[in-house]
Amino acid sequence: MDRYKKVRGMHDIMPGETEKWQFAETVLADSAKLHGYREIRPPVIEERMLFERSIGASSDIISKEIYSFQDRKGRHLALRPEGTASVVRAFIESAPPIPGKITRLYYYGPMFRYDRPQKGRYRQFYQFGVELLGGKHPFFDGEAVALLDFMARKLNITGYYFAINTLGCPKCKSAYTEIVRSALSAKEDSLCEDCRTRLKISPLRIFDCKNAECRESAACAPAVTETLCKECLDHFGEFEEYVKKAGIPCKKQSGLVRGLDYYTRTVFELYVNGDENAVAAGGRYDSLVRELGGADTPAVGFALGMERLISIVNFKLEKTPSVYLAAMGKAAALKGISIVKELRNEGIAAETDYEDRGLKAHLKNADRSGAQWCLIVGDRELEKNEFILKNMVTGEQENISEDTYLKRIKELIK
Ligand code: ATP
Ligand code: MG
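So, a few notes on the structure that sits alongside this text. (Residues numbered from 1 in each chain as written. Chains lettered and ligands numbered in written order. Predicted model: local features only at pLDDT ≥ 70, side-chain atom pairs only at ≥ 80, totals over all residues. Heavy atoms only, no water.)

## Quick word on unusual backbone geometry
For the record, the criterion: What counts as a helix is a DSSP run of H or I of at least four residues, what counts as a strand is a run of E of at least two, and both are numbered from the N terminus. For every residue, the accessible area (1.4 Å probe, protein chains only) is compared with the maximum for its type, and the residue is labelled buried under 20%, exposed over 50%, or partly exposed between those bounds.
Positive phi, close to 55°, is recorded for Asn156, a residue that is not glycine. With respect to the element layout, Asn156 can be found in the loop between helix H5 (138-154) and strand E7 (160-166). The exposure class of Asn156 is exposed, given its relative accessible area of 54%. In this structure, Arg265 takes a positive phi of about 55° despite not being glycine. With respect to the element layout, Arg265 can be found in the loop between strand E8 (250-252) and strand E9 (266-272). Under the relative-accessibility criterion, Arg265 is labelled buried at 10%.

Here it is, written out as structure tokens:
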């Protein structure tokens, strides 16, 4: 019979890996909470139109990568390709806006994009993201980068930096778009087919093309900072002051744009030296809440790709103390029921095998289970009200009495 395989672009996260994920998830959530963020859990399915309106119909995500379908009632739905649109939708839908109020939200979960599968690129992948709604001051942008920096340090990531740039307010952004369009029109022949379309519809995306040649051609366009209005320049200047003061490693990159339409002003990406792909990316999106039907609400946020993050963290995971119980014979097995219960109640992981096995087979099991200790209980031991405790790492063993075994194991584990 044919065996089922995982669908292209999907991946299983297996034991051995999941421990790393759980560790990173805890560090990220704790970091976000320390910065005042609270968790939001929007659904995975939304109206397709929500993504089209926010990310942009001509973006790669919408034009090539979105998983969309019609349900039985003919609704046009999509699996979320990113989190911001859902968070903003929920924010608008859940409560009337309170002027001046800052809302800090974080989310975590799977995203779906029909990307070309390769290292660090899947069709279902996980993002951890934060959104700060209601903050206009450039120091909020700084604080978003500072939170990412905090997370990177908590995960002992080294050799990273932030690429930073600004796209300007909507007015500056559209003026700059025209400048880039006319600068690159002369280079149309050197652009890939996609970028020739981008030149017409959304020329800034050429900076973000996966094709190095297109990016080189785009580099001849004037830097965005040359064309910004005073307010946009000041905004970016103050953001730079914040990250400098906070000691965050940043590199100004005038070609940094984002593949999503909603960004205005500050944009940033987190890179680890030597890696081509960003681990996290984000920026300011001051018009999105209004464009999706909400009140005027400036906002800034980022999303961090978990698969890429997990691949660069140096994990030193602590093992939880664990005991394998080798109970031999019916009487020992019955005694074992209360032993494993007591161990687990004390926060010590315990496992056993109920099949009737000899000591050798039990020890093999204990070894495979990864337990640090094996507690051996047989008829002979029961008679003397005694167990044998074997250290699976050193091989040493000692006799311990039934009355004090728990105390002794707790002592040893410390
Ligand atoms: P890229 O340029 O690498 O395609 P992107 O601009 O599409 O990235 P964003 O939409 O900014 O990515 O998503 C933020 C983060 O999510 C990325 O920095 C990356 O870590 C992660 N990410 C995006 N797409 C994928 C994917 N297909 N597989 C795994 N992680 C992804
Ligand atoms: Mg992409």
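After that view of the structure, there is still more to cover.
## Focus: the nonpolar core
Nonpolar side chains in soluble globular proteins generally cluster together in the buried interior. Here is the rule we go by: As used in this record, nonpolar core signifies buried Ala, Val, Leu, Ile, Met, Phe, Trp, Tyr and Cys residues forming a set joined through side-chain atoms within 4.5 Å. Only heavy atoms matter for contacts: two residues are in contact if any of them lie within 4.5 Å across the pair.
Judged by nonpolar contacts, the single largest core of 54 residues is most densely connected at Leu133, Ile206 and Phe207. At five residues, the largest contribution of residues to this core is made by helix H4 (residues 84-94). Excluding anything up to four places from it in sequence, Leu133 contacts Val88, Phe91, Lys101, Ile102, Thr103, Leu105, Tyr285, Val289, Thr297, Pro298 and Ala299. Ala32, Val130, Met151 and Ile164 belong to the second-largest nonpolar core, a separate cluster that totals 43 residues.

## With respect to the pattern of salt bridges
What counts, and what does not: When a carboxyl oxygen of Asp or Glu is within 4 Å of a side-chain nitrogen of Lys or Arg, the pair counts as a salt bridge.
One pass over the full model with this rule turns up 25 salt bridges. As a salt-bridge pair, Arg153 and Asp149 come within 3.0 Å of each other at their nearest N and O atoms. Residue Arg153 and its partner Asp149 are located together in helix H5, separated by four residues, close to a single helical turn. Exposure remark for Arg153: the relative accessible area of 47% places this residue in the partly exposed category. The residue Glu178 makes a salt bridge to Arg181 at a minimum N-O spacing of 2.9 Å. Residue Glu178 and its partner Arg181 are both found in helix H6 (residues 170-185); the two are separated by three residues, about one turn of the helix. What you see here is one network of salt bridges that share partners, running through Asp60, Lys64, Asp194 and Arg198.

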